[in-house]
Amino acid sequence: AWCVCMCVGLGVGVRAWVFFCVQANGALTIGTLDGANVEMSEEMGRENIFVFGMEVDDVNALHKKGYVPRQYYESIPVLKRVLDQVRSGEFSLPGNETEFHGLVDNLLNHDRFCLLADFEAYLKSQDDVSALYKNQDAWHRKAVLNIAAAGKFSSDRTIGEYARDIWGVESFKMPPAPATATAV
């Protein structure tokens, strides 16, 4: 019963892994509507994924207006509590309590992907995920539809497109292996 979360601007290499390894096993996706999730919703139907938060144009507008992530931290009590717990070392191994300070500092001061701005929308979508999970027939139906739609996202296709469109290289066929003698 996996549910994968992806946010606007997440690297395509991670997407390929998610598509093939997780989605092909029936994972339901919860994520913002960026390029990869747009493709996924087109293949499996928008009703079969959980979309939340801003779209790319919204993120760009927010940055243009002047995104201040700390304002979300200060105005959303549950977000503040979560980030304070992470910063406190509650989720760190003993002796490594400062492990996530850099992560929290980055979210509060930079947050390039506007995660804090999407936090409340994510919580609402997660409630939808939890409600669906209680209806196992509906959950399994969506999982099967995800599996059926996963073929487009195979690693062969993804690597081929990267080679051609991003890296600018052509594929080639390997010469046949030399014939070997077989034992009689």
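Right above here is the structure, for reference.
Here's a quick rundown of the structure. (Residues numbered from 1 in each chain as written. Predicted model: local features only at pLDDT ≥ 70, side-chain atom pairs only at ≥ 80, totals over all residues. Heavy atoms only, no water.)

Here's the deal with the nonpolar core
Membership of the largest hydrophobic core comes to 16 residues, with the highest contact counts inside it found for L83, C114 and L116. What C114 contacts, discounting residues up to four positions off in sequence, is M54, V59, L62, H63 and Y67. Membership of the second largest hydrophobic core comes to seven residues, among which are I30, F50, L132 and W139. (Core = buried A, V, L, I, M, F, W, Y, C linked by side-chain atoms within 4.5 Å. Buried < 20%, exposed > 50% of the residue type's maximum accessible area, 1.4 Å probe, protein only. Contact = heavy atoms within 4.5 Å.)

Re the packing of helix α5 (residues 77–88) against helix α6 (residues 101–109)
At their nearest, the axes of α5 and α6 sit 8 Å apart, and the two run at 150 degrees to each other. Judged by the inter-axis angle, α5 sits roughly antiparallel to α6. The handedness of the crossing between α5 and α6 is left-handed. Facing α5, whose interface residues are L83, V86 and R87, α6 presents H101, V104, D105, L107 and L108. When the residues that make up the contact of α5 with α6 are grouped by side-chain class, the tally is five nonpolar, one polar and two charged. (Axes fitted to C-alpha atoms, helices over the stretch in contact; angles between N-to-C directions. Helix = DSSP H or I, 4+ residues; strand = E, 2+ residues; numbered from the N terminus. Parallel < 35°, antiparallel > 145°, perpendicular 65-115°, else oblique. Left-handed = near helix turned anticlockwise from the far one by under 90°. Nonpolar A, V, L, I, M, F, W, Y, C, P; charged D, E, K, R; others polar.)

Considerations on the pattern of salt bridges
With the rule as written, the count across this model stands at four salt bridges. One salt bridge in this structure joins D84 and K80, with 2.8 Å as the shortest N-O distance. Of the two residues, D84 and K80 are both situated in helix α5; the distance of four residues between them amounts to about one turn of the helix. Taking the relative accessible area as the measure of exposure, K80 reaches 34% and is therefore partly exposed. (Salt bridge = Lys/Arg side-chain N within 4 Å of Asp/Glu carboxyl O.)

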